[in-house]
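# A look at the structure
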Amino acid sequence: MAGDMHAEIQSIVASVRRHHELFANALPLIASENITSNTVKMLLASDLSHRYAEGEVGRRFYQGCRYIDEIEEKAIRYAKELFEAEHVNIKPISGVNANIAALFALTSVGDRIMALSIPDGGHISSSKYSIPALRGLKLDNFPFDAQEMNIDGAQMLRAIKSKKPSLLMFGGSLFLFPHPVSEAREVADEVGARIVYDASHVLGLIAGHTFQDPFREGAEVITSSTHKTFPGPQGGIILCRANLRERIDRAVFPGTVSNHHLHHIAGLAVTLAEMSAFGEAYAAQIITNAKVFAQALYEEGFEVLCEHKGFTESHQIAVDVQKQGGGAAVAQKLERANIIINKNLLPSDKDPEEPSGIRLGVQELTRIGMKESEMKEIAALMGRLILKDGDEDQAKGYVIDLRKNFQDVQYCFDGTDAYTFPEIR
Ligand SMILES: *Cc1c(COP(=O)(O)O)cnc(C)c1O
């Protein structure tokens, strides 16, 4: 039995190893993913992952937190500096957890909120299937202009005046252009609505000052994941104005988190430091890569959304692939060539099971050092494969070849050989 179990364990490790191999030889274009530096990877495997530290820095419920306090104090300080935030809570263990805590803090049962619908790019956590149902909130969707792929500013103001929501939830998962936060601020004040900005996708761009600046535009709270364009360990964060400090902190602990994940906190602190040093260069290259990639795909013949607006101002590109068989078929064909993307609903979609689009994110390719010329090569490869029904194996060989020179993580202090998995004895 013991022998069998050892074989089982070895087979689990072997699967992880093969997963590493796949991602060392693929083009990762999922817009919500990224890769951490080697230091962060090692910290995630540290003893911190075994510990509890309920409470605040210097005021813990358990003993043994001396060094945890040092780490957490730095994570909080770096985040406040990087985002020029009056207060920060680094305890949420995911982006959804951060949203749950924020809405727990800022709404009461029966309140009305406004957020993006899922086909218009909203995240499932702000839909009727998730937190609004959990908290008993009435949900209205922002009026959306599918041509502009953004919230319709004028209609939004009318909707806020007539619906009188108590909270506006900006941000989304299909997120090409900055949302009209400053436009909403005055009317939000008139009706007494708070503004929350879910930056899960764009936190790394905000850190690098290339997207929008939610606090300066009028947001009171920013919720976020810490692992999409912000290239940290998987987790969540809430940034807020000083006057909301106590409400947010209480809604996080003891409201919705008991122990926060301390290995994540150490990794977050390191990533914040990396972003202070390299964030502007990284974010600028992401925007350049996204625009060049979108233009090249468009020239190949893909129906890239929003040509009239330069396609995108974020890390994302949306492509309508209905004529090529729909999002699912295209995503599967690309996967067979080691190009990893996801099917995505577009505003025009009626059937949530049949997305007509794909979503591409260039943040991880940027993080491993790819620039304009690689974006053009990948667009041409996708054109051959999808538009000219090219050979999948040949394309896969091409991808593996292209990846050979991109095995290090850039924009950090120690990214060499980022996909190697350590020996396990
Ligand atoms: C990804 C995402 C989340 C959820 O983040 P998790 O860390 O996966 O829980 C929340 N909001 C938006 C807009 C997202 O894109």
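A few points on the structure.

The rules behind each value
Residues numbered from 1 in each chain as written. Predicted model: local features only at pLDDT ≥ 70, side-chain atom pairs only at ≥ 80, totals over all residues. Heavy atoms only, no water. Helix = DSSP H or I, 4+ residues; strand = E, 2+ residues; numbered from the N terminus. Phe/Tyr/Trp six-rings, centres within 6.5 Å; stacked < 30°, edge-to-face > 60°. Buried < 20%, exposed > 50% of the residue type's maximum accessible area, 1.4 Å probe, protein only. Pairing = 2+ DSSP bridges. Axes fitted to C-alpha atoms, helices over the stretch in contact; angles between N-to-C directions. Contact = heavy atoms within 4.5 Å. Near = heavy atom within 4 Å. Polar contact = N/O pair within 3.5 Å; in protein donor to acceptor, adjacent residues only side chain to side chain. Areas by Shrake-Rupley, 256 points an atom, 1.4 Å probe, with all protein chains shown as cover. Parallel < 35°, antiparallel > 145°, perpendicular 65-115°, else oblique. Nonpolar A, V, L, I, M, F, W, Y, C, P; charged D, E, K, R; others polar. Expected span 1.5 Å × (residues − 1). Arc of directions from axis to C-beta. Salt bridge = Lys/Arg side-chain N within 4 Å of Asp/Glu carboxyl O. Core = buried A, V, L, I, M, F, W, Y, C linked by side-chain atoms within 4.5 Å.

## Brief notes about unusual backbone geometry
- At the junction of Phe 253 and Pro 254, the peptide bond is cis and its omega measures out at 10° in the coordinates.
- Of note in the backbone geometry, Asp 389 takes a positive phi value of approximately 50° without being a glycine.
- Within the secondary structure layout, Asp 389 lies in the loop between helix H14 (372–387) and helix H15 (392–403).

## What to know about the packing of aromatic side chains
- Scanning all chains against the criterion turns up 9 aromatic pairs.
- Their ring planes at 85° and their centres at 5.2 Å tell us that Phe 175 and Phe 211 sit as a pair that is edge-to-face. With Phe 175 in the loop between strand E9 (167–170) and helix H7 (181–191) and Phe 211 in the loop between helix H8 (203–207) and helix H9 (214–217), this residue pair connects regions lying 36 residues apart in the sequence.
- Phe 175 gets classed as buried once you look at its relative accessible area, which sits at 0%.
- The class of Phe 211 is buried, set by a relative accessible area of 12%.
- Taking the centre distance of 5.3 Å and the plane angle of 55° together, the rings of Tyr 298 and Phe 311 count as tilted.

## Details of the sheet that holds strand E10 (residues 194–198)
- The strand order E4-E12-E11-E10-E9-E5-E6 describes an open sheet built from 7 strands, whose pairing is mixed. The open sheet has two free edges, formed respectively by strand E4 (87–89) and strand E6 (138–141), since each of these has just one partner strand. Here the average twist between neighbouring strands, direction ignored, is 20°.
- Bridge count for E9 against E10 is 4 bridges, and the pairing is parallel. From the neighbouring strand, Leu 167 faces E10, where its bridge partner is Arg 194.
- Helix-sheet contacts for helix H6 (residues 153–163) involve strand E5 (112–115), E6 and E9, and the interaxial angle to E5 is about 170°.

## Quick word on the site of the ligand
- The ligand sits among 14 residues. The nearest are Gly 95, Ser 173, Asp 198, Ser 225 and Lys 228.
- The contact in question runs from an oxygen atom of the ligand to an N or O atom on the side chain of His 227, over 3.4 Å.
- In the complex, the protein chains occlude 86% of the 380 Å² of accessible area that the ligand would expose alone.
- Tallying contributions element by element places helix H4 (residues 95–106) first for the shell around the ligand, with 3 residues.

## Description of the pairing of E5
- Here E5 pairs with E6 via 4 bridges, running parallel. When the bridges of E6 are listed, Arg 112 appears paired with Lys 138.
- Note that E5 and E9 share 3 bridges and pair parallel. Bridging across to E9, Ala 115 finds its partner in Met 169.

## Some words on the packing of H14 against H15
- At their nearest, the axes of H14 and H15 sit 10 Å apart, and the two run at 170° to each other. The angle between H14 and H15 falls in the class roughly antiparallel. Counted together, Glu 374, Glu 377, Ile 378, Leu 381, Arg 384 and Leu 385 of H14 and Glu 392, Ala 395, Tyr 398, Val 399 and Leu 402 of H15 form the full contact between these two elements.
- The class makeup of the residues in the contact of H14 with H15 is 7 nonpolar, no polar and 4 charged.

## Regarding helix H10 (residues 245–256)
- For H10, spanning 12 residues, the distance from its first C-alpha to its last is 15 Å, which sits close to the expected 16 Å at 1.5 Å a residue.
- Within H10, the full set of buried residues consists of Ile 248, Asp 249, Ala 251, Val 252 and Phe 253. Projected down its long axis, H10 shows its buried positions confined to an angular sector of 160°, all on one face. H10 presents Glu 246, Arg 250 and Pro 254 as exposed residues on the side facing more than 90 degrees away from its buried surface.
- Buried residues along H10 sit in contact with strand E2 (55–56), E4, H4, strand E11 (221–225) and strand E12 (236–240).

## Here's the deal with the pattern of salt bridges
- Enumeration over the complete set of coordinates arrives at 19 salt bridges.
- One salt bridge in this structure joins Asp 140 and Arg 112, with 2.7 Å as the shortest N-O distance. Note that Asp 140 is positioned in strand E6 and Arg 112 in strand E5, a separation of 28 residues in sequence.
- Classification of Asp 140 as buried rests on a relative accessible area of 12%.
- On the accessibility criterion, Arg 112 (28% relative accessible area) is partly exposed.

## A short note on the nonpolar core
- In this structure, Phe 83, Leu 168, Phe 170, Tyr 197 and Phe 293 are the most contacted members of the largest nonpolar core, which totals 103 residues.
- No other element matches helix H11 (residues 262–300), which puts 15 residues into this core.
- When near neighbours in sequence (up to four residues on either side) are disregarded, Phe 293 contacts Leu 29, Ile 317, Leu 360, Val 362, Met 375, Ile 378, Ala 379 and Met 382.
- By size, the runner-up hydrophobic cluster in this structure holds 20 residues, among which are Cys 240, Leu 244, Ala 251 and Val 252.

## Notes on the side chain of Gln 316
- Secondary-structure assignment places Gln 316 in strand E14 (residues 316–320).
- The buried category is assigned to Gln 316, whose relative accessible area is 0%.
- Looking at Gln 316, its side chain comes within polar contact range of the side chain of His 201, at 3.0 Å.
- A polar contact of 3.5 Å, which involves the side chain of Gln 316, links it to the side chain of His 315.
- Discounting chain neighbours no more than four positions away, the residues touching Gln 316 are Ala 31, Ser 173, Leu 174, Phe 175, Leu 176, His 201, Arg 359, Leu 360 and Gly 361.

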